[in-house]
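Chain by chain, the residues:
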Amino acid sequence: MSERPHVRFAPSPTGHLHVGNLRLAVINWLFARSCGGRVLLRLDDTDQERSTAAFAEAIVRDLAWLGLVADHQARQSDRLARYREATAQLIAADRLYPCYETPEELERMRRRLKARGRPPVYDRAALGLTADARTAFEAEGRRPHWRFRLDDRTFAWHDLVRGPVEIAARDLSDPVLVRADGRPLYTLSSVVDDADFAISHVIRGEDHVTNTAVQIDLFDALGAPVPTFAHVPLMTDAAGQGLSKRLGSLSVGALRTRGIERLALASLLARVGTSEAIALAPSLAALAADFAFDKISRAPARFDEAGLDRLNARLLHEMPWSEAEPRLTALGYTGLDAAFWETVQPNLVRWPDVEAWWRIAAAPVAPVIVDPEVTTAAAARLPEPPWGDDTWDAWIAAVRAATDRRGKALFRPLRLALTGRDDGPELRKLLPLIGRARAADRLAGRTA
Ligand code: GLU
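Note that the structure is a prediction, hence the values are computed from the model and not measured.

The rules behind these values
- The residue count restarts for each chain, going from 1 along the sequence in the order it is written.
- Whole-chain, interface and lining totals are the exception, using all residues; otherwise, since this is a predicted model, local features are given only for residues with pLDDT of at least 70 and side-chain atom pairs are given and counted only at 80 or more.
- Hydrogens and water are ignored here; the side-chain numbers use all heavy atoms of the structure.
- Each pair of aromatic rings taken from Phe, Tyr and Trp, with Trp reduced to its six-membered ring, is defined by centres within 6.5 Å and is described as stacked if the planes are under 30 degrees apart, edge-to-face if over 60, and tilted in the remaining cases.
- Relative accessibility thresholds used throughout: buried, under 20% of the residue-type maximum; exposed, over 50%; partly exposed, between the two (1.4 Å probe, protein chains only).
- A run of H or I in DSSP counts as a helix once it spans at least four residues, and a run of E counts as a strand once it spans at least two, with each numbered from the N terminus.
- We call a charge positioned over a ring when the NZ of a Lys or the CZ of an Arg lies within 6 Å of the ring centre and within 35 degrees of the ring normal.
- The working definition used for a salt bridge is a side-chain nitrogen of Lys or Arg within 4 Å of a carboxyl oxygen of Asp or Glu.

Chemist: Can you walk me through the packing of aromatic side chains in this structure?
Modeler: Here a ring pair, both rings aromatic, is described through the centre-centre distance and the interplanar angle of the planes. Scanning the model with the defined rule gives 10 aromatic pairs in all. With a centroid separation of 5.0 Å and an interplanar angle of 85°, the aromatic rings of F291 and F293 are classed as edge-to-face. Each member of the pair F291 and F293 is classed as buried. Each ring, one from Y333 and one from W358, has its centre 5.8 Å from the other, and the planes form 55°; the classification is tilted. Residue Y333 is found in the loop between α12 (321–330) and α13 (338–344), and its partner W358 is found in helix α14 (residues 354–362); the two are separated by 25 residues along the sequence. For W358, a relative accessible area of 24% puts it in the partly exposed group. Clustering of aromatic rings is evident, with ring pairs tying together F31, F291 and F293. Of note, R147 hangs over the ring of Y122, and the distance from its end group to the ring centre comes to 3.8 Å. The ring of W65 is capped by R256, whose NZ or CZ atom sits 5.3 Å from the centre of that ring.

This is the structure:
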């Protein structure tokens with residue numbers, strides 16, 4: 001095994017990336033980057049019915065958007081010949097055996113065992129089949145699927161997140177590695193790939209803990225070194241429920257469309273479910289410098305959308321105009337300037353929030369008139385251009401003197417007339433963006 005750590009992120013291109021699997025990607029990348037390691041992006045696309053090239057492309061795009069670019073890529077569908085070779089090796093070593101049970105027969109067997117309070121472990125009936133019995137099944141037209149004969153031992157490893165783990169072979173079924181149609185199943189292709197690509201650290205969700213016991217045996221059977229494992233608790237929603245029902249709205253694409261910034265998402269995913277407080281990081285490199293497996297908690301990580309919004313707001317509030325300008329242009333806003341950005345940015349949580357303030361500055365707004373005395377007086381006293389630093393104070397002083405209103409009684413009617421809403425950026429800064437002509441019309445109650 002080479003000295004430089006080598007990790008892989010191995011999504012199946014059967015859907016879009018969502019925050020749950022993206023967190024695993026982030027952890028793989030941060031670990032690799034924290035120690036000069038390399039990352040393989042492996043597309044587990046042997047399920048031909050459900051895998052699509054479009055999902056594969058979207059996964060690569062979503063990862064790149066977040067700044068996660070792999071050092072190299074592999075596709076399992078390109079490696080089928082290699083899995084056949086490994087299958088032959090395992091058959092020759094007497095570790096794969098043909099089984100002829102139908103899914104219905106297996107289901108009946110599982111039910112029988114359950115009824116007797118026994119774990120649904122495969123009874124290895126096929127191991128005892130005579131050559132004649134096999135021939136008879138073949139004559140019936142049955143094609144075998146192939147199970148891996150587990151070694152009768154306890155598999156133990158030191159998990160970088162869970163600590164020492166032990167799983168006894170007797171609690172496990174011999175796993176099916178090759179289907180009746182000859183296609184390899186995940187366990188086989190994954191281990192062959194991890195071995196061939198010399199993966200040093202397998203970092204994945206804790207739903208794979210049991211698979212790991214089997215996989216350790218398979219690495220040994222193939223004569224390959226066993227990698228180090230880290231099983232990360234799965235992510236839930238803020239209420240502690242599994243993410244499966246919300247995968248659409250929690251897809252990376254959906255978050256991007258909602259106007260979430262990549263660094264806000266990366267900061268959250270790097271820290272959620274760890275012993276560290278969630279905070280906005282300046283860069284992925286900073287997050288990598290901070291990475292350690294022992295900070296990852298054993299409890300499920302809760303994905304808190306409100307927390308993500310807070311990080312995103314923070315990021316937008318701190319973003320300089322030079323960075324905001326190209327983003328705004330990409331969103332289709334042209335002709336804006338630093339004054340606009342600095343005025344509205346404290347009111348943004350996500351990018352689409354820009355729209356409302358852009359409209360108030362540059363598009364017709366229906367004013368809301370709640371105190372005509374104030375707005376009429378204000379309209380009559382609107383200063384002539386050019387407007388300078390003291391224009392606002394002079395104007396407000398004049399309106400105050402004319403109406404005897406102050407504080408909220410003065411500013412609320414002005415805000416509602418000028419913007420049509422009750423909240424927003426400082427009026428002092430907003431007024432120059434609205435301009436004199438629109439301001440005069442709106443104060444007079446006209447849509448402008
Ligand atoms: N394609 C598998 C999954 O998405 C990969 C699991 C692994 O990392 O080994 O669950």
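That covers the picture; the talk isn't over yet.
Chemist: When you look at the pattern of salt bridges in this model, what are you seeing that I'm missing?
Modeler: Think of it this way: side chains of opposite charge can pair up when their charged atoms draw near. On inspection of all chains with the given rule, the structure shows 43 salt bridges. Where E107 meets R111, a salt bridge forms, and the shortest distance between an N and an O atom there is 3.6 Å. A residue pair is termed a helical-turn pair when its members lie 3 or 4 positions apart in one helix, as E107 and R111 do in helix α4 (residues 103–115) at four residues. Classification of E107 as partly exposed rests on a relative accessible area of 32%. Two residues, R143 and E138, come together in a salt bridge whose shortest N-O distance is 3.0 Å. By relative accessible area, R143 is classed as exposed at 53%. A relative accessible area of 32% places E138 in the partly exposed class.

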